[in-house]
Amino acid sequence: TNQFCDARIGYGDSGCGVSAAASSSKILIKGGTVVNAHHQEIADVFVEHGIIVDVKPNIKIGDDVTVLDATGKFVMPGGIDPHTHLAFDFMGTRTIDDFFSGQAAALAGGTTMHIDFAIPVGGSLIAGFEAYEERAEKSVMDYGFHMAVTKWDDTVSKEMEIMVNEKGINSFKFFMAYKGALMINDVLLLEGLKKCKSLGALAMVHAEHGDAVFEGQKRMIELGITGPEGHALSRPAVLEGEATARAIRLAAFVNTPLYVVHVMSIDAMEEIAKARKSGQKVIGEPIVAGLVLDDSGPWDPDFVTAAKYVMSPPIRAAGHGKALQAALSTGILQLVGTDHCVFNSTQKSLGIDDFRKIPNGVNGIEERMHLVWDTMVESGQISVSDYVRITSTESARIFNIYPRKGAILAGSDADIIILNPNSSFEISTSTHHSRTDTNVFEGRRGKGKVEVTIAGGRIVWINDELKVTPGSGKYVKMPPFSYLFAGIDKVDAMYFSSLKAPVKRAW
Ligand code: URP
Ligand code: ZN
Ligand code: ZN
Ligand code: ZN
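Now for a quick tour of the structure. Everything numeric in this text was worked out from a predicted model, so none of it was measured.

A few words on the pattern of salt bridges. With the rule as written, the count across this model stands at 31 salt bridges. Here Asp64 ties to Lys26 by a salt bridge, and the two come within 3.2 Å at their closest N and O atoms. Of this pair, Asp64 sits in the loop between strand 4 (51–56) and strand 5 (66–69) while Lys26 sits in strand 2 (residues 26–35), and the two are 38 residues apart along the sequence. Exposure remark for Lys26: the relative accessible area of 22% places this residue in the partly exposed category. One salt bridge connects Asp54 with Lys56, and the closest N-O pair in it is separated by 3.5 Å. Judged by its relative accessible area of 39%, Lys56 falls in the partly exposed class. The structure contains a network of salt bridges with shared partners spanning Asp142, Arg404, Lys405, Asp413, Asp415 and Lys474.

Here it is, written out as structure tokens:
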């Protein structure tokens with residue numbers, strides 16, 4: 001065996017004795033309903049050399065083509081997960097899913113691209129980027145990076161320029177929580193927002209009041225609450241609402257777009273709604289765990305079961321998830337991520353005596369497409385086109401890689417899924433492809449099943465089997481100045497021209 005030989009994952013080229021994928025470089029998907037964010041129609045899709053070359057009814061082809069019948073099924077752009085943490089060193093350990101196992105899991109669930117968070121090493125963005133470049137060498141699907149900014153000086157400022165101008169990064173994340181580790185202060189956030197604006201890069205925030213969280217944690221420990229339930233109790237929604245509001249107002253002051261990651265509460269969502277209503281360019285990203293789970297998990301009497309739900313901001317009471325779904329269906333929130341950041345039971349047990357030491361994070365990269373389909377489309381809250389928009393197209397637009405990604409159009413990358421709305425899915429640790437030994441969605445079942453995933457023009461998931469090739473995934477450079485930056489300069493010009501000349505006062 002080699003390092004890639006996980007159970008349940010077949011290998012396209014070598015390793016584990018699994019035969020090569022039954023796919024030529026030409027694929028015809030026949031008779032399905034092709035769905036884009038703007039339009040849907042019954043059509044064939046012809047793929048060659050990793051690219052979609054034609055989308056129209058009744059495409060005629062030769063005989064060296066793999067034909068997939070999609071009659072009665074939906075043919076859609078593969079999912080783009082805008083928020084993951086693979087091979088992430090965090091809270092004294094490293095996430096158990098790396099760029100191989102996490103991506104393999106993603107493909108089995110219909111996600112064909114993800115954007116991970118590269119974290120600085122020793123405060124250096126360049127060192128951090130290089131470390132992630134190396135970790136991503138075994139990729140089996142396309143990926144991009146956001147970069148975190150965790151300290152501030154002239155070097156960091158210069159490195160941000162290098163990231164954008166040379167490395168294909170167009171978004172920077174600022175952690176307003178994780179005091180003593182990744183947390184930044186308001187001075188840094190202001191500097192960061194200004195720098196992002198000048199580079200045409202999107203500022204992203206993890207919005208919780210980190211100092212108050214620290215205080216809340218002390219409060220719980222003093223009360224003798226040391227178990228996983230103490231985690232959620234120590235960082236209530238009011239602290240998420242506060243930080244979301246603060247970040248939004250600072251972004252308004254600087255006049256630059258803002259992306260709020262993992263929106264978990266009504267409190268945060270309402271701040272985003274208010275800002276958007278006033279015309280501010282704020283994007284809100286709920287994650288699948290926040291949409292479908294409630295706050296009961298960490299109260300489970302079994303530590304391992306309770307600890308698997310521990311993430312930040314915490315999963316809130318059920319009313320929050322329902323409200324986030326509604327916000328998604330009406331455009332207040334724009335896209336769904338996962339924050340896939342998994343630690344196994346042994347790793348979670350680092351916090352057996354103290355919830356502050358439980359590595360934070362939940363799964364979702366494999367489950368997102370199915371759960372969003374079942375929760376949002378099957379429930380009647382959104383259309384199939386809207387599903388494509390919130391799981392794929394909007395990610396591609398925000399991170400400026402549309403229509404290469406996020407569309408079934410001639411010229412787009414052949415990242416495609418075939419979903420059967422009449423089939424069903426069931427989630428279980430015993431069948432999932434992630435390396436972790438728990439699943440926060442254990443036992444969930446629903447309608448709709450991704451039957452085929454095509455990534456980069458290869459059939460990588462079919463008949464419940466994965467056929468992936470380490471190294472086949474490509475790094476996708478993301479250019480700055482997305483549509484969110486359109487008009488920023490005009491607003492600035494109007495603001496400055498509206499300022500009156502300084503009053504001349506005599507002494
Ligand atoms: O608990 C979480 N969310 N872990 C991942 C790191 C982050 O804050 O996104
Ligand atoms: Zn050819
Ligand atoms: Zn975060
Ligand atoms: Zn995250």
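Moving on from the model shown.
All right, on to the packing of helix 13 (residues 368–377) against helix 14 (residues 384–398) then. Orientation of helix 13 relative to helix 14, taken along the N-to-C sense of each, is 140°, at an axis distance of 11 Å. Considering their axes alone, helix 13 and helix 14 lie oblique with respect to each other. Here helix 13 runs over helix 14; the crossing is right-handed. Of the residues in helix 14, those in contact with Arg368, Met369, Val372, Trp373 and Val377 of helix 13 are Val384, Tyr387, Ile390 and Thr391. Residue composition of the contact of helix 13 with helix 14, grouped by class: seven nonpolar, one polar and one charged.

Parameters at a glance
Residues numbered from 1 in each chain as written. Chains lettered and ligands numbered in written order. Predicted model: local features only at pLDDT ≥ 70, side-chain atom pairs only at ≥ 80, totals over all residues. Heavy atoms only, no water. Salt bridge = Lys/Arg side-chain N within 4 Å of Asp/Glu carboxyl O. Helix = DSSP H or I, 4+ residues; strand = E, 2+ residues; numbered from the N terminus. Buried < 20%, exposed > 50% of the residue type's maximum accessible area, 1.4 Å probe, protein only. Axes fitted to C-alpha atoms, helices over the stretch in contact; angles between N-to-C directions. Parallel < 35°, antiparallel > 145°, perpendicular 65-115°, else oblique. Left-handed = near helix turned anticlockwise from the far one by under 90°. Contact = heavy atoms within 4.5 Å. Nonpolar A, V, L, I, M, F, W, Y, C, P; charged D, E, K, R; others polar.

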